[in-house]
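Coordinates in review
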Amino acid sequence: MAAIVRFVRDPRDPQSSLDYPRGVIPPLTEICASAIGDSFARSPTFEGIPEWALPIVIRHIPLTLDLSIAAPVIEDEGYWRRRCEKRWTVNLHEVSSWKRYFFQRYVEEAIEAFGTPRRPKQSISEIDYERWSRQNKGAPIDDDTDTIDPMDPVLLQQLLHTAAPFVERLVLHQVLSHLDLQSLLSTLGNLRNLALSYGARNVGTEFRSDLVGIRASDCRALSESLRACNLTKLAVTESLLSDKQVRAIVKGLLENHTVAHLDFSHNTLSAAGLKTVCHLLHPARQPIITHLNLCHNQIRSDAGTLLRDLLTHNRSLTHLSLRLNHIATEGAIDLASGLARNETLLELNLSSNGIATQAAAPICDALREHPRLRAVDLSCNLFGSGAGDLFLSLLHDNAQIFIDVRLCDLGQKIEERVAKMCVGRH
């Protein structure tokens, strides 16, 4: 006699399996939920559905549902998590809201792909964007896809309006289209953190120098948008940003009262560009910028007096990075003079600046009495073995500060002693 298999499940449990052997009729709850899910695009509402049944219904809604339909009505985090994990490998530490994460990353992909030679049909369905994304990575397209004008903004603008309530952060590694940043920021009214890099990814043998770098028109549009936006963090990195171009951006920042984190790293700014940025930090305008990153530019020893005046008079800056420049010994001595009169800085990075032994004493004297400074990166400089005792004396006198002096030709024993004294600090 054949065994009788009986399926016992709680229809209110949203985690229960949807798979039933052939010939087994699913519970009526599942049948109804499946029907609602299949027709959700035509009738996108949860009205009349009991609260206990909502997770079951949402589980049946297709993950390819048009975003303009899904975004306003589906708040369930499980649904958006499934859409995220279907598209990407997700680091859970990066996610505070699955819905927000989905739209932020989705918009990033769309903007980075915008302006490439081929684009799919004018639709904001996810399957089109998946095809688009695969194409831009060099993967073959499964079927023939009609193309539209690669600079047609309709598709992208439609997506931006749909995603606007949920996008607070954008990190763009390429903006090949040089789209209008003023329009972008006015549409994304909740955006707080914007990172721009005008590079060119995955272009292979089709690389051209004109694909890389920010344009004057981009700087002017960004400047205009900064006057009225609510950004708190702005980064323009790896974009060949010049001294002349940064003046246009700073003009907008002078009328902005929300940006507190500013990052112009990996560009081509010199002392002239630094002087422009220093206008933002002048005490007369009551600056609010707390973090300034000028890493990997062309700031040299002639900028020392600017750095001295900046640290002497500014009262807002808490984090300053000048890593991978070449302020050299003369510039470091000038900087130390300003640092001795500074009262607000918490972290300072002077790594890889060609600073030699002569600057070790002024730097240590400034750090010894600083009331707040807790971390200083001096690694990869040219201090030499003669500066070892100065750093050890500094750490003995200031029990709070952490310093990194690796790869400074101090000798292995001195580096180990410094590292041991810094354990537990910062």
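Here's what I pulled together on the structure shown here. (Residues numbered from 1 in each chain as written. Predicted model: local features only at pLDDT ≥ 70, side-chain atom pairs only at ≥ 80, totals over all residues. Heavy atoms only, no water.)

Residues Ile25, Leu28 and Ile31 make up a contiguous nonpolar surface patch of roughly 350 Å² in combined accessible area. If you trace the backbone, Ile25 turns up in the segment before helix H1 (28-38). Residue Ile25 is classed as exposed on the basis of its relative accessible area, which comes to 71%. (Patch = residues over 30% accessible without salt bridge, like charges linked within 9 Å, V, L, I, M, F, W, Y side chains within 5 Å. Areas by Shrake-Rupley, 256 points an atom, 1.4 Å probe, with all protein chains shown as cover. Salt bridge = Lys/Arg side-chain N within 4 Å of Asp/Glu carboxyl O. Helix = DSSP H or I, 4+ residues; strand = E, 2+ residues; numbered from the N terminus. Buried < 20%, exposed > 50% of the residue type's maximum accessible area, 1.4 Å probe, protein only.)

Moving on to the sheet that holds strand S4 (residues 261-263). Spatially, the 9 strands line up as an open sheet ordered S1-S2-S3-S4-S5-S6-S7-S8-S9, and their pairing is parallel. The outermost strands of the open sheet, each flanked by one partner alone, are strand S1 (169-172) and strand S9 (402-404). The sheet shows a mean angle of 5° between the axes of neighbouring strands, taken without regard to direction. Pairing of strand S6 (residues 319-321) with strand S7 (residues 347-349) involves 3 bridges; the strand directions are parallel. Across the sheet, residue His319 finds its bridge partner in S7, namely Glu347. (Pairing = 2+ DSSP bridges. Axes fitted to C-alpha atoms, helices over the stretch in contact; angles between N-to-C directions.)

Before going further, it helps to spend a moment on the packing of aromatic side chains. A complete count under the given rule lists 11 aromatic pairs for this structure. For the ring pair Trp88 and Phe102, a centre distance of 5.7 Å and an interplane angle of 50° mean the geometry is tilted. Linking Trp88 in the loop between helix H4 (77-87) and helix H5 (98-113) with Phe102 in helix H5, this pair joins segments that are 14 residues apart in sequence. Judged by relative accessible area, Phe102 falls into the buried class, the value being 0%. Taking the centre distance of 6.3 Å and the plane angle of 70° together, the rings of Trp98 and Tyr101 count as edge-to-face. Taken together, the residues span about one helical turn, with Trp98 and Tyr101 both in helix H5 at a distance of 3 residues. Here Tyr101 falls in the buried class, since its relative accessible area comes to 9%. (Phe/Tyr/Trp six-rings, centres within 6.5 Å; stacked < 30°, edge-to-face > 60°.)

With that out of the way, let us pick up the pattern of salt bridges. Across all of its chains, the model carries 13 salt bridges by this definition. One salt bridge in this structure joins Arg201 and Glu112, with 3.7 Å as the shortest N-O distance. Placement of the pair is Arg201 in the loop between strand S2 (193-196) and helix H9 (216-226) and Glu112 in helix H5, with a sequence separation of 89 residues. Classification of Arg201 by relative accessible area gives partly exposed; the value is 42%. A salt bridge links Arg368 to Asp365, with the shortest nitrogen-to-oxygen separation between them at 3.1 Å. In this pair, Arg368 and Asp365 both sit in helix H14 (residues 360-368), 3 residues apart, roughly one turn of the helix. Overlapping salt bridges bring together Glu224, Arg227 and Glu255 as one network.

With that settled, consider the pairing of strand S3 (residues 233-236). Side-chain positions along a regular strand alternate between the two faces of the sheet. When S2 meets S3, the two strands line up parallel, connected through 4 bridges. Opposite Ala195, over in S3, you have Ala235 as the bridge partner. Crossover connection from S2 via H9 to parallel S3: handedness right-handed. Here S3 pairs with S4 via 3 bridges, running parallel. Paired with Leu234 across the bridge in S4 is Leu262. For the segment spanning S3, helix H10 (residues 243-253) and S4, crossover handedness is right-handed. (Right-handed = clockwise from strand over helix to strand, strands pointing away.)

Of all 10 residues in helix H11 (residues 271-280), 7 are buried, a share of seventy percent or more. Among all positions of H11, only Ala271, Gly273, Leu274, Thr276, Val277, Cys278 and Leu280 are buried. Contact partners of the buried residues in H11: H10, S4, strand S5 (291-293) and helix H12 (304-313). (Contact = heavy atoms within 4.5 Å.)

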